[in-house]
Amino acid sequence: MTRDTLSITDNRTGQNYELPVTDGTIRAIDLRQIKVSEEDFGLMAYDPAYLNTASCRSTITYIDGDRSILRYRGYPIEQLAEHATFLEVAYLLAEGELPTREQLSRWEEDVRYHTYVHTNVIKFLTGFRYDAHPMGMLLGTVGALSTFYPDAKNISDAENRYTQRVRLMAKLPTIAAFAFRHSRGLPYEFPRNDLDYIANFVNMTFSIGGKHEPNKVLQRALEILLILHADHEQNCSTSAVRSVGSSHVDPFSAVSAGIAALYGPLHGGANEAVLKMLDQIQSKADVPKFVEQVKQGKGRLMGFGHRVYKSYDPRAKLIKRTADEVFEQTGLNPKLEIALELERIALEDDYFISRRLYPNVDFYSGLIYQAMGYPSDYFTVLFAIGRLPGWLAQWAEMLGDKEQKIARPRQVYVGEDERQFVPIDQR
Ligand code: CMC
């Protein structure tokens, strides 16, 4: 007879245990009963970098990394990228359902109403050095927003949480655009509430003297990229938002932690690293030599590999298609040739095949952003704008989950045993 349980024999004691199995998991805390003696702390699971530990139950995003499946609230990413707007996806992630026309208009109106930032935020931004990395500016400024909205601390009130969600969705593009202008020494361009979310952001980055000729194809391409980045379940930055948010800090501080995590080159910073890599390779003829170096352990092929996808990242597939539409408008990015050759060689090479390393979302996104006119140190900022709805939805889900507590992993201590202090002149 089969049962949804796991039988464990502890060979240290000969004792048998039966642990319930639910949704393909055992509860790590159930291991604690397995002890060699009464004083024993009990067995723990050791899982550096959470390779095989589910930290929550979630209804937001489903990924099947072997079958290249990504769904938000059950909707395939391919359909959302084709039919939805970014704000519609943000609503879906937060509320669990696609909005009706009325719900969407209210959501869009609310976001539009909050696009301006306090003028002191502008003073704060101008204090950054002329060459400040825009991600540093973004994470510092979003963190600072908590001082402008002390009411955001009231995280147990649903209406208050909604207000902060609206504020973050509305103000992040404004701050991001100001950071873009800052590095160019351009005056900040204020939000225009007659434009939609994407058009307003593009206008704030590129408008000169109040003028900008909008390109609808490029704007839709940017919107698709943001949709593709909107959530990706328990990735590094989302785990950071959940973990920091679990201390019940305000959402500005929690999101700022997410931006910090995203900044790293192994996460959102990979799109910037891809462009640096393509610059370093210089020409198509140099690709085989570069791949050989990677195989010898000298660096990584940036934009390749993923913790979850062990087949082609479905987002990379959609991005490749978007790239064609963008390059039709902007002319071919010369680095595309190198990227395509890298992909071709890597996908035929046993090193990459055996490790199941495929292009990820970041492999082609940088080339598109560059063609749109964004510099490489700005790519991760665009990723952050895209990921914000996911962070907010996951943060709210964490707060509403009765099983969650302050995040506090255990450790296995392997350091020195107790020893006596040595005065400095005797060391
Ligand atoms: N180039 C060359 N070898 C690689 C790469 C790569 N990009 N990624 C993994 N490997 C090798 C790695 O050396 C290891 O080989 P071995 O078994 O011989 O030691 C094996 O593949 C497994 O790698 P891992 O580091 O254990 O895999 P992970 O799941 O911990 O890392 C990753 C996932 C995304 C951090 C990693 O693949 C990587 O560093 N990729 C490059 C950076 C990148 O593109 N990041 C963007 C990820 S997608 C967007 C996002 O989430 O932000």
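All of these numbers come straight from a predicted model, not from anything done at the bench.

A contiguous nonpolar patch, built from F41, M44, Y46, V412 and V414 and spanning about 550 Å² of accessible area, is present on the exposed surface. Tracing the chain through its elements places V412 in the segment after helix 17 (379-400).

Quick look at the domain arrangement of the protein chain now. For the protein chain, the domain assignment lists domain 1 (75-267 + 375-400) and domain 2 (270-308 + 320-372). Between domain 1 and domain 2, the C-alpha centre-to-centre distance is 27 Å. Contacts between the two partners involve 20 residues from domain 1 and, on the opposite side, 19 residues from domain 2. Contact between domain 1 and domain 2 buries roughly 1,800 Å² in total, counting both sides, with carbon and sulfur atoms accounting for 67%. Three residues stand out in domain 1 for area buried against domain 2, namely L218, L225 and F379, and they jointly supply 31% of the buried area on that side. Applying the counting criterion to the domain 1 and domain 2 interface returns five residue pairs in polar contact (both at pLDDT 80 or more).

Attention now moves to the packing of aromatic side chains. All told, the structure shown has 19 aromatic pairs when counted by the stated rule. Summarising the aromatic geometry, the rings of F180 and Y378 are spaced 5.0 Å apart at their centres and angled 65° between planes, so their arrangement reads as edge-to-face. On the criterion of sequence distance, the pair formed by F180 in helix 6 (residues 158-184) and Y378 in the loop between helix 16 (361-372) and helix 17 is long-range, its members being 198 residues apart. Of the residues examined, Y378 reaches a relative accessible area of 1% and is grouped as buried. Seen from their ring centres, F206 and Y374 are 4.8 Å apart, and the 45° between their planes marks the pair as tilted. Residue F206 is found in helix 7 (residues 197-206), and its partner Y374 is found in the loop between helix 16 and helix 17; the two are separated by 168 residues along the sequence. Taking relative accessible area as the criterion, F206 reaches 24% and is therefore assigned partly exposed. By way of ring pairs, the aromatic residues F180, F201, F206, Y374 and Y378 are connected into one cluster. Taking the ring centre of F180 as reference, the NZ or CZ of R184 above it sits at 4.2 Å. Note that R355 overlies the ring of Y351, its terminal NZ or CZ placed 3.8 Å from the centroid.

So, on to the layout of surface pockets. As a volume, the second largest pocket reaches approximately 310 Å³. If you go around the second largest pocket, you meet 18 residues; those closest to its centre are L87, D196, Y197, I198 and E223. Ranked by residue count, the leading element in the lining of the second largest pocket is helix 8 (residues 216-229), at four residues. Of the residues that constitute the lining of the second largest pocket, the class distribution is six nonpolar, five polar and seven charged.

Moving on, we get to the site of the ligand. Around the ligand sit 20 residues, and of these H267, R300, L301, G303 and R307 come closest. Interatomic distance of 2.7 Å between a backbone N/O atom of L301 and a nitrogen atom of the ligand. A distance of 2.8 Å is found between an oxygen atom of the ligand and a backbone nitrogen or oxygen belonging to G303. Burial of the ligand by the surrounding chains reaches 73%, relative to a free accessible area of 940 Å². Counting only domains with at least three residues in the shell around the ligand, you end up with domain 1 (75-267 + 375-400) and domain 2 (270-308 + 320-372).

Bringing helix 3 (residues 101-113) into the picture now. Spanning 13 residues, helix 3 covers 18 Å between terminal C-alpha atoms, matching the ideal 18 Å at 1.5 Å per step. All of the buried residues along helix 3 are L104, W107, D110 and V111. Looking down the long axis of helix 3, one finds its buried residues gathered within 130° of arc, a one-sided arrangement. Exposed and facing more than 90 degrees away from the buried side of helix 3 are R101, E102, R106 and Y113. Against the buried residues of helix 3 lie helix 2 (86-95), helix 6 and helix 7.

Rules behind the numbers
Residues numbered from 1 in each chain as written. Predicted model: local features only at pLDDT ≥ 70, side-chain atom pairs only at ≥ 80, totals over all residues. Heavy atoms only, no water. Patch = residues over 30% accessible without salt bridge, like charges linked within 9 Å, V, L, I, M, F, W, Y side chains within 5 Å. Areas by Shrake-Rupley, 256 points an atom, 1.4 Å probe, with all protein chains shown as cover. Salt bridge = Lys/Arg side-chain N within 4 Å of Asp/Glu carboxyl O. Helix = DSSP H or I, 4+ residues; strand = E, 2+ residues; numbered from the N terminus. Domains from an automatic or database assignment. Contact = heavy atoms within 4.5 Å. Buried area = accessible area lost by both parts, 1.4 Å probe. Polar contact = N/O pair within 3.5 Å; in protein donor to acceptor, adjacent residues only side chain to side chain. Phe/Tyr/Trp six-rings, centres within 6.5 Å; stacked < 30°, edge-to-face > 60°. Buried < 20%, exposed > 50% of the residue type's maximum accessible area, 1.4 Å probe, protein only. Lys NZ or Arg CZ within 6 Å of the ring centre and 35° of its normal. 1 Å grid on protein atoms, 1.4 Å probe; cavity = no way out; pocket = protein on both sides within 12 Å on 5 of 7 lines; lining within 4 Å. Points joined across faces, edges and corners; volume = space filled by probe spheres on them. Nonpolar A, V, L, I, M, F, W, Y, C, P; charged D, E, K, R; others polar. Near = heavy atom within 4 Å. Expected span 1.5 Å × (residues − 1). Arc of directions from axis to C-beta.

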